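# Understanding the architecture of this molecule
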Amino acid sequence: MSALPLPLAAFQSWMQAVLVHPDGARIALQTPEVRRLVSPEDVPAVVRERGGLGAAERLQIYAGMYPLRMRDALRSDYPALAELLGERGFERLVDDYVAAHPSRSYTLARLGDHLPEFLTGWGSLRRRALLTDVARLERAGALVFDAEESEAIDAAFLGNVPAAVLPGSRLIPAAAFRLARVRPGAVGVLDAVLEGNPVPVKAGRGRIHVAYYRRDYVVLRRTLEPFDGALLASLAAGETVRSSLEDAARKFPRGVPSAEALAVRFAEWARLGFFSGVARAG
């Protein structure tokens, strides 16, 4: 493609600057950023004429495909958000988001990393809370899907940790485990999209914790009871078992389970693969 002796890094920077320019390739070729890398008269040596199309025309074909690829990539990670916004609304979001956070990685799997945060300041105030929380849920699911495999802690091993030791220990979250704290309506949106029903438009009151985890290469989610959500949030943040239990009890004193019920919970969470190990506090 290129007959001009241009280092690979410079060629990649030049191509990116041309293809992502909001006014198209022809305008981009005249901008100072692009001209510093390749002068306009040298462009035909980098992108040769072919099929009756000049360099700018050929580059514009790729530039026109760029927003479509960005929309496809983000839609694959945020299908419920796309459904909630509708076609035109989602296109507008992607255009605004990519302008602020263009792709910087070899893989488009990282393109949506900042979308939940971006939504906290995008769009109408009336819809912002629900849009942000739906994105947080879908981002958590995507991270669990992409996470590396890690050995899950064995429930029997967890049960054999001495009672005097466990409260002062920390449970290490598995790589394929995420918690999201969101408004209830966000869960309703995901459920509605999965079931093919009309999506809710209200965020709902309060916050709930939703756990994402992976079993047999399938990403699953579970909406947690208030005490359980607070307990897992503290554990995932690196607090000891004792301090996590105390924190959850302070927040939800009426929801504190018995010691037997807690043991069942910890065993179930271990079985589901929430934790990968136990570390002594030190």
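Above this text sits the structure in question.
Worth saying up front: this structure is predicted, and the values here are computed from it rather than measured.

## Considering the overall build of the protein chain
Summing up its helical and strand segments, the protein chain has 13 helices and five strands in all. Taken over C-alpha atoms, the radius of gyration comes to 25 Å for the protein chain, far larger than the 19 Å a tight globule of 282 residues would show. Along the first, second and third principal axes, the C-alpha set of the protein chain runs to 75 × 40 × 30 Å. Per-residue burial over the protein chain gives 40% buried out of 282 residues. In the protein chain, the proportion of contacts linking residues at least 24 apart, taken out of those at least 6 apart, comes to 68%. Working note: accessible area of the protein chain is about 15,700 Å², and carbon and sulfur atoms make up 53% of it.

## What about helix H10 (residues 184-195)?
Owing to its 3.6 residues per turn, the α-helix aligns residues three or four sequence positions apart on the same side. When the terminal C-alpha atoms of H10 are compared, their 17 Å separation across twelve residues agrees well with the 16 Å that a helix rising 1.5 Å per residue should span. Taken residue by residue, H10 has Gly 185, Ala 186, Val 187, Val 189, Leu 190 and Ala 192 as its buried positions. Once H10 ends, the next one or two residues include Gly 196, with phi positive near 75°.

## Quick look at the nonpolar core
Formed by 38 residues in total, the largest nonpolar core has its most connected members in Leu 74, Leu 81, Leu 93, Leu 115, Leu 119, Val 134 and Leu 137. Only helix H5 (55-77), helix H6 (79-100), helix H7 (115-119), helix H8 (125-146), strand E2 (177-182), H10 and strand E3 (208-215) provide two or more residues apiece to this core. Here this core takes ten residues from H6, the largest share from any one element. Those residues in contact with Val 134 that lie beyond four places of it in its chain are Ala 80, Leu 81, Leu 84, Ala 186, Val 189 and Leu 190.

## Side note on the packing of aromatic side chains
According to the stated counting rule, one finds six aromatic pairs in the structure shown. Centre to centre, the rings of Trp 269 and Phe 274 are 6.4 Å apart; their planes meet at 15°, and the pair counts as stacked. Note on Trp 269: relative accessible area 2%, which makes it buried. What links up through ring pairs into an aromatic cluster is the set Phe 177, Tyr 213, Phe 266, Trp 269 and Phe 274.

## So, the sheet that holds E2
Strands pair in a sheet through their backbones, by hydrogen bonds, and they do so in one of two ways: parallel or antiparallel. As summarised here, the arrangement of the three strands in space is E2-E3-E4, forming an open sheet in which the pairing is antiparallel. The two strands at the open ends of the sheet, each matched to only one other strand, are E2 and strand E4 (218-223). The average undirected angle you get between the axes of adjacent strands in this sheet is 25°. Where E3 and E4 come together, six bridges link them in antiparallel fashion.

## A few points about the pattern of salt bridges
Charged atoms that come close allow side chains of opposite charge to pair. Within the structure shown, the criterion is met by 13 salt bridges. A salt bridge links Arg 71 to Asp 95; the nearest nitrogen and oxygen atoms lie 3.3 Å apart. Placement of Arg 71 in helix H5 and of Asp 95 in helix H6 is noted, with a sequence separation of 24 residues between them. Between Arg 221 and Asp 191 there is a salt bridge, with its nearest N and O atoms 2.6 Å apart. Here Asp 191 lies in helix H10 and Arg 221 lies in strand E4, a separation of 30 residues in the sequence. The class of Arg 221 is partly exposed, set by a relative accessible area of 26%.

Definitions and cut-offs
- Residues numbered from 1 in each chain as written.
- Predicted model: local features only at pLDDT ≥ 70, side-chain atom pairs only at ≥ 80, totals over all residues.
- Heavy atoms only, no water.
- Helix = DSSP H or I, 4+ residues; strand = E, 2+ residues; numbered from the N terminus.
- Rg over C-alpha atoms; globule rule 2.2 N^0.38 Å.
- Buried < 20%, exposed > 50% of the residue type's maximum accessible area, 1.4 Å probe, protein only.
- Contact = heavy atoms within 4.5 Å.
- Areas by Shrake-Rupley, 256 points an atom, 1.4 Å probe, with all protein chains shown as cover.
- Expected span 1.5 Å × (residues − 1).
- Core = buried A, V, L, I, M, F, W, Y, C linked by side-chain atoms within 4.5 Å.
- Phe/Tyr/Trp six-rings, centres within 6.5 Å; stacked < 30°, edge-to-face > 60°.
- Pairing = 2+ DSSP bridges.
- Axes fitted to C-alpha atoms, helices over the stretch in contact; angles between N-to-C directions.
- Salt bridge = Lys/Arg side-chain N within 4 Å of Asp/Glu carboxyl O.

The quantities given are spatial measurements derived from coordinates; they are silent on function.
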